[in-house]
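Each chain is listed here by its residues.
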Amino acid sequence: MNKAEREAIEAAGFQVGDYGDFLGLTPEERKLIELRLSVSRMIRQRRQEQNLTQKQVAQRIKSSQSRVAKIEAAAPDVSLDLMFSSLFAVGGAVADVAAPPNKPRATRRR
């Protein structure tokens, strides 16, 4: 949204904000949501790069295909522990989550 669009919306009596403003989230809650989204996106990206199905990932983590779908959707009833286990099962690392998906990731010099 550009400045003119924002001003027009505000002039019409509306407030402009993001999901955190709407939900009244604390900075910590925003960070937790962003972490969950980042992990779930990386799991899906890694799975697709390896041409794996959700069922195949489920077998690796000893779970079900529907659970993998929930993991990839960042469902709130999925623990971060299970999300990170899934990330590791598809060859991901914690460092992958620090860099946005589809962007170059930092690598360690040897």
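In what follows, the accompanying structure is described.

Rules behind the numbers
Residues numbered from 1 in each chain as written. Predicted model: local features only at pLDDT ≥ 70, side-chain atom pairs only at ≥ 80, totals over all residues. Heavy atoms only, no water. Buried < 20%, exposed > 50% of the residue type's maximum accessible area, 1.4 Å probe, protein only. Helix = DSSP H or I, 4+ residues; strand = E, 2+ residues; numbered from the N terminus. Arc of directions from axis to C-beta. Contact = heavy atoms within 4.5 Å. Salt bridge = Lys/Arg side-chain N within 4 Å of Asp/Glu carboxyl O. Axes fitted to C-alpha atoms, helices over the stretch in contact; angles between N-to-C directions. Parallel < 35°, antiparallel > 145°, perpendicular 65-115°, else oblique. Nonpolar A, V, L, I, M, F, W, Y, C, P; charged D, E, K, R; others polar. Lys, Arg positive; Asp, Glu negative; His and termini not counted.

Some remarks on helix α6 (residues 80-89)
Move 1: Turning to α6, its buried residues are Met 83, Phe 84, Ser 86 and Leu 87. Axial view of α6: buried residues confined to an arc of 155°, hence all on one face.
Move 2: Those residues of α6 that are buried lie in contact with α3 (27-49), α4 (54-61), α5 (65-72) and α7 (94-98).
Move 3: Gly 91 lies just past α6 and shows a positive phi near 85°.

Observations concerning the pattern of salt bridges
Move 1: A full pass over the atoms with the stated rule returns six salt bridges.
Move 2: Between Asp 96 and Arg 46 there is a salt bridge whose closest N-O contact spans 2.8 Å. Placement of Asp 96 in helix α7 and of Arg 46 in helix α3 is noted, with a sequence separation of 50 residues between them.
Move 3: Using a relative accessible area of 7% as the deciding quantity, one classes Asp 96 as buried.
Move 4: Each of the salt bridges in this network shares a partner with another, and the network as a whole consists of Arg 44, Arg 47 and Glu 72.

What about the packing of α4 against α5?
Move 1: Running from amino to carboxyl end, α4 crosses α5 at an angle of 100°, the nearest separation of the two axes being 8 Å. Of the possible angle classes, the one that applies to α4 and α5 is roughly perpendicular. Contacts between α4 and α5 involve Gln 54, Lys 55, Val 57, Ala 58 and Ile 61 from the former and Gln 65, Val 68, Ala 69, Ile 71 and Glu 72 from the latter.
Move 2: Looking at side-chain class alone, the contact of α4 with α5 contains six nonpolar, two polar and two charged residues.

Observations concerning the environment of Pro 76
Move 1: Following the sequence through the fold, Pro 76 ends up in the loop between α5 and α6.
Move 2: Note on Pro 76: relative accessible area 78%, which makes it exposed.
Move 3: Measuring from C-alpha to C-alpha, the distance between Pro 76 and Arg 36 comes to 8.7 Å, with 40 residues separating the pair along the chain.

Some points on the side chain of Arg 36
Move 1: Tracing the backbone shows Arg 36 in helix α3.
Move 2: Buried Arg 36, no salt bridge; nearest opposite-charge side chain is Asp 77, N-O distance 6.3 Å.
Move 3: The residues touching Arg 36, leaving out its near neighbours within four places in the chain, are Ala 74, Ala 75, Pro 76, Val 78, Ser 79, Leu 80 and Met 83.

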